Amino acid sequence: AKQSGRNSVYVFKNELETQLTRTVNIETELRYAIERNEFVLVFQPQYALEQNQFTGFEALIRWQHPEMGTVSPEVFIPVAERSDFIIDLTDWVLSQALTTLQTLSGEHPNLTLSVNISARELIRSDFVERIRQHLSKHPTINACQLELEITERIAMEQPQKALMIFQSLRRLGVSLALDDFGTGYSSLSYLKRYPLNTLKIDKTFVDEIGIDEEDEAVCKAIISLAKAIGYQTIAEGVENQQQAEFLRTHGCDFIQGYYYAKPLKSDALTALFANQTA
Ligand code: C2E
Ligand code: CA
Ligand code: CA
Ligand code: CA
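What counts, and where the lines are drawn
- Residues numbered from 1 in each chain as written.
- Chains lettered and ligands numbered in written order.
- Predicted model: local features only at pLDDT ≥ 70, side-chain atom pairs only at ≥ 80, totals over all residues.
- Heavy atoms only, no water.
- Near = heavy atom within 4 Å.
- Polar contact = N/O pair within 3.5 Å; in protein donor to acceptor, adjacent residues only side chain to side chain.
- Areas by Shrake-Rupley, 256 points an atom, 1.4 Å probe, with all protein chains shown as cover.
- Helix = DSSP H or I, 4+ residues; strand = E, 2+ residues; numbered from the N terminus.
- Donors = N, O, S within 2.8 Å, 3.2 Å for Na, K, Ca; no water.
- Buried < 20%, exposed > 50% of the residue type's maximum accessible area, 1.4 Å probe, protein only.
- Salt bridge = Lys/Arg side-chain N within 4 Å of Asp/Glu carboxyl O.
- Pairing = 2+ DSSP bridges.
- Arc of directions from axis to C-beta.
- Contact = heavy atoms within 4.5 Å.

- The chain appears in an unreviewed UniProt entry as cyclic-guanylate-specific phosphodiesterase from Thiomicrospira aerophila AL3.

Okay, structure coming up:
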């Protein structure tokens, strides 16, 4: 199986013509990636502006393919989503990430972990049960330490179903964040009906802080909207001091981005929290 897998990669490399070939090969290679240990999980720290310290981290997956090199999640997650492989992939992410959180929680009991969840798997009938099972394997973790990041599209495509699932997840105790907020489809009437905890301000708005007044106005509007309906805000993709100061001034709660910390391997993450007094 390993040999034929390698051959198919050479096919992929030499015949790049069609998107189809690419998809097929990535799909084939993905099936083996877990057993071949090709996935790596990195963790990007999240900084709380009020407490002036890191209080959590987001798990981000990496794929190191022996021939293709590093494949971006933006390439392979959509492929995984087209098949049920996304289920296995998320199970792998959750079990690795919760294990890391459990280890860190001994010294830092209130740390939070954010995990990206694809729309397609969220609406499957067994999703809430899967989350419950993952949590039951880590009894020292409080469910509220786990935050699921969901893009706003799902909430709009199947609003009724999404609402039910959100409610079940909240009963379980986990937190919910709307990812890439502001880029998509959110209707304000649904937004206040959903039992969410956090709005994640999309990087495209953060990028323009200090450059484009309209994008600055969008950031301010998202923060005040969130406050009005009782949600927290986190800004993603913060790369410089000007952006950080703007977000602090306007009352954003958390910040994530290269300015504070890049995604880290688990040992570097452990070192970062060890150097920070609790
Ligand atoms: P996202 O959830 O919006 O994640 C934020 C992306 O921005 C990450 O890219 C992160 O590394 C990057 N980033 C963070 N801070 C900065 C910054 O200051 N500047 C810049 N230029 N980039 C920054 P990444 O890791 O390549 O992930 C891309 C997307 O792939 C994620 O977007 C998410 O939608 C998806 N993804 C990543 N890991 C997973 C996963 O485990 N499961 C699922 N379903 N999706 C994932
Ligand atoms: Ca995310
Ligand atoms: Ca984003
Ligand atoms: Ca994204």
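## Some remarks on the site of ligand 1
Then step 1. In the neighbourhood of ligand 1, 21 residues make up the surrounding shell, with Gln 44, Arg 62, Asn 116, Glu 239 and Tyr 258 lying closest.
Then step 2. Within the side chain of Asp 180, an N or O atom sits 3.3 Å from an oxygen atom of ligand 1.
Then step 3. At 2.8 Å, a backbone N or O of Tyr 258 approaches an oxygen atom of ligand 1.
Then step 4. Protein coverage of the free-state accessible area of ligand 1, which is 800 Å², stands at 83%.
Then step 5. Listed by contribution, the elements that provide at least two residues to the shell around ligand 1 are β2 (53–65), α3 (73–82) and β6 (175–181).

## Thoughts on the coordination of the calcium ion (ligand 2)
Then step 1. Coordination sphere of the calcium ion (ligand 2), protein contribution only: Glu 58 (OE), Asn 116 (OD1), Glu 149 (OE) and Asp 179 (OD), at 2.2 to 2.3 Å.
Then step 2. Counting gaps between the donor residues of the calcium ion (ligand 2) yields the pattern E-x57-N-x32-E-x29-D.
Then step 3. For Glu 149, a relative accessible area of 2% gives the class buried.
Then step 4. Residue class for Asp 179 comes out buried when judged on its relative accessible area of 7%.

## Some remarks on the pattern of salt bridges
Then step 1. Inspection of every chain in the model, using the stated rule, returns 13 salt bridges.
Then step 2. Taking the shortest distance from any N to any O, the salt bridge between Glu 27 and Arg 31 comes out at 3.5 Å. Of this pair, Glu 27 and Arg 31 both sit in helix α2 (residues 19–33), 4 residues apart, which is roughly one turn of the helix.
Then step 3. Judged by its relative accessible area of 48%, Arg 31 falls in the partly exposed class.
Then step 4. Between Lys 203 and Glu 239 there is a salt bridge, and its shortest N-O distance comes to 4.0 Å.

## Some details on the pairing of strand β4 (residues 112–117)
Then step 1. Sheet topology places β2 next to β4; 4 bridges connect them, and they run parallel. Across the sheet, Glu 58 pairs through a bridge with Ser 114, a residue of β4.
Then step 2. In the sheet, β4 pairs with strand β5 (residues 146–151) via 5 bridges, with the strands oriented parallel. Looking across to β5, one finds that Ile 117 is bridged to Ile 150.

## Observations regarding helix α12 (residues 241–249)
Then step 1. Along α12, the positions that sit buried rather than exposed are Gln 243, Ala 244, Phe 246 and Leu 247. All buried residues of α12 lie within an arc of 165° about the axis, which places them on one face of the element.
Then step 2. Put simply, Asn 240 is the residue that caps the front of α12, since its side-chain oxygen is 3.2 Å from the backbone nitrogen of Gln 242.
Then step 3. Residue Gly 251 follows α12 closely and has a positive phi angle near 90°.

## Describing the coordination of the calcium ion (ligand 4)
Then step 1. With distances of 2.7 to 3.2 Å, the protein atoms coordinating the calcium ion (ligand 4) are Asp 180 (OD) and Asp 180 (OD).
Then step 2. Here the calcium ion (ligand 4) and the calcium ion (ligand 2) are spaced 5.9 Å apart.
Then step 3. Counting through the fold element by element, Asp 180 comes out in strand β6.

## Points about the side chain of Gln 256
Then step 1. Within the secondary structure layout, Gln 256 lies in the loop between β9 (254–255) and α13 (266–274).
Then step 2. Discounting chain neighbours no more than four positions away, the residues touching Gln 256 are Gln 44, Pro 45, Gln 46, Glu 58, Lys 200, Ile 234, Ala 235, Glu 236, Gly 237 and Val 238.

## What to know about unusual backbone geometry
Note: most peptide bonds trans; most residues except glycine with negative phi.
Then step 1. Positioned with a positive phi, Asn 37 is a non-glycine residue whose angle comes to about 60°.
Then step 2. By relative accessible area, which is 66% here, Asn 37 ends up exposed.
Then step 3. Positive phi outside glycine occurs at Asn 52, with the angle close to 55°.
Then step 4. The residue Asn 52 is located in the loop between β1 (39–48) and β2 in this model.

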